[in-house]
Amino acid sequence: MKTYILLFLSSFLMVNIATAQDIIYKRNREEIKVSIMEIDSLVLKYKIYDFSESPVFTIKKAEVEKVMFENGSVLYFESTTNQIPVAVDTAAILAQKLVVDPISVTKNTEDSEEEPDKIKEKRRASGGGFGVKGGLNYNSNGDYFNDAQVVFGDPMKNLGFHAGFFGKIKFGPFYLRPELVYSQLKTELDNEVFVTRRLDAPVLLGFGIFRQFVSVFAGPSFHYRLGDDLNNISISDVTNNFNVGYQMGFAVNIGKVGMDLRYEREMVGKEFDLNQVVNGTGEFNFQQLILGVYFKF
């Protein structure tokens, strides 16, 4: 009796094993319903599904894209035969397609198209570079802030101009801005007007705030006097055309265009012989209120 029971259980198990359905997906898009018997380094061995008397067949792993087992797990194969197959859970594949792929595609698109444009725009707005500038300057040789009220009465009285180039070297929120500027200064003495022409070379250290929209700056300014258009006025120290001063101010940046307002004063005054205009001599410390606009390339 026990022998019959064992034979019955063995037959039942063999039928179940033989009818276990696996699916081979070939690279040519063909699907085979099988019962996998063995997988070695080069081939898969299988029987035809639902055919207990089926002989054992073999297929090269290079011809197989994947195998889906009866329990739902999936085994993928590389196209070359020297690769070791890796089992991948179908739930993990679905999660990867829903989560990982969209993020990576979006990121690649931004890196290749949008990000460079954003970076370029930030560099134009607040980064390093060079450009051109120009504007107006109001000069005074006395107490500047007491004389400033004259601007309202006669705004053209001591009005000059400037034009030149600048560079900008950025490091963090700070920047270094050297400039080379041609300036023309007007001065009125006892109803006599003379014009001074000079080259200015400010070297300014600035600090940007509000994402570089506004910046403040200060630094030394070096001057070389090119000449003077004088009416009955002479300069006693004509051998010394160099001078130095300082500048301070603030700027507003909008993209590649900006505007700044600064105050400048010379450190060493010039001796002017005024005998033909008024009696005696005078020492003038040029000081200016400078309004400029600039364009950065």
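All of these numbers come straight from a predicted model, not from anything done at the bench.

Let us now look at the nonpolar core. Nonpolar side chains in soluble globular proteins tend to end up buried together. Among the nonpolar cores identified, the biggest contains eleven residues, and these are Ile24, Ile32, Val34, Ile36, Leu44, Tyr46, Ile59, Val64, Val67, Leu75 and Phe77. Of all the secondary structure elements, the ones that give two or more residues to this core are β2 (31-39), β3 (43-48) and β5 (64-68). If one sorts the elements of this core by residue count, β2 sits on top with three residues. What Ile24 contacts, discounting residues up to four positions off in sequence, is Glu30, Glu31, Ile32, Val34, Ile36, Tyr46, Ile59, Val64, Lys66 and Val67. With six residues, the next largest nonpolar core counts Phe166, Leu204, Phe217 and Tyr294 among its residues.

Quick look at the pairing of strand β15 (residues 257-266) now. Where strand β14 (residues 242-254) and β15 come together, ten bridges link them in antiparallel fashion. When the bridges of β15 are listed, Tyr246 appears paired with Arg265. Where β15 and strand β18 (residues 287-296) come together, nine bridges link them in antiparallel fashion. Residue Val257 lies in a different strand from β18, and its bridge partner there is Phe295.

Under the counting rule described, the total for this entry stands at ten salt bridges. With a shortest N-O distance of 3.4 Å, Glu179 and Lys133 are connected by a salt bridge. Placement of the pair is Glu179 in strand β10 (residues 174-189) and Lys133 in strand β8 (residues 129-140), with a sequence separation of 46 residues. Its relative accessible area of 7% is what places Lys133 among the buried residues. Between Glu179 and Arg177 there is a salt bridge; the shortest N-O distance is 2.8 Å. Assigned by exposure class, Glu179 and Arg177 land together as buried. One connected set of salt bridges, linked through shared partners, spans Lys133, Arg177, Glu179, Asp260 and Arg262.

For Asp22, the position within the fold is in strand β1 (residues 22-26). For the buried Asp22, no salt bridge is present, and the opposite-charge side chain at shortest range is Lys33, 12 Å distant. Polar contacts involving the side chain of Asp22 include one to the main-chain amide nitrogen of Glu70, which spans 3.1 Å. With residues near it in sequence (within four places) discarded, Asp22 still touches Ile32, Lys33, Val34, Ser35, Ile36, Met68, Phe69 and Glu70.

Attention shifts here to the packing of aromatic side chains. Using the criterion set out here, one finds nine aromatic pairs in the structure. Here Phe295 and Phe297 contribute two aromatic rings whose centre-to-centre distance is 5.5 Å and whose plane-to-plane angle is 80 degrees, an arrangement assigned as edge-to-face. Seen from the ring of Tyr25, Lys66 lies directly overhead, with NZ or CZ sitting 4.9 Å from the centre. Across the ring face of Phe166, the terminal group of Arg177 is positioned such that the distance to the ring centre comes to 3.9 Å.

For the rest of this paragraph, the subject is the confidence of the model for the chain. Model confidence for the chain is summarised by a mean pLDDT of 75, while 62% of its residues fall at 70 or above. In this model, residues 98-114 is a region of pLDDT below 50 whose contacts with residues beyond four sequence positions or in other chains number seven contacts. Across residues 275-280, confidence stays below pLDDT 50; counting only partners more than four residues off in sequence or on other chains, it has twelve contacts.

Thresholds, definitions, all that
- Residues numbered from 1 in each chain as written.
- Predicted model: local features only at pLDDT ≥ 70, side-chain atom pairs only at ≥ 80, totals over all residues.
- Heavy atoms only, no water.
- Core = buried A, V, L, I, M, F, W, Y, C linked by side-chain atoms within 4.5 Å.
- Buried < 20%, exposed > 50% of the residue type's maximum accessible area, 1.4 Å probe, protein only.
- Helix = DSSP H or I, 4+ residues; strand = E, 2+ residues; numbered from the N terminus.
- Contact = heavy atoms within 4.5 Å.
- Pairing = 2+ DSSP bridges.
- Salt bridge = Lys/Arg side-chain N within 4 Å of Asp/Glu carboxyl O.
- Lys, Arg positive; Asp, Glu negative; His and termini not counted.
- Polar contact = N/O pair within 3.5 Å; in protein donor to acceptor, adjacent residues only side chain to side chain.
- Phe/Tyr/Trp six-rings, centres within 6.5 Å; stacked < 30°, edge-to-face > 60°.
- Lys NZ or Arg CZ within 6 Å of the ring centre and 35° of its normal.
- pLDDT = per-residue confidence, 0-100.

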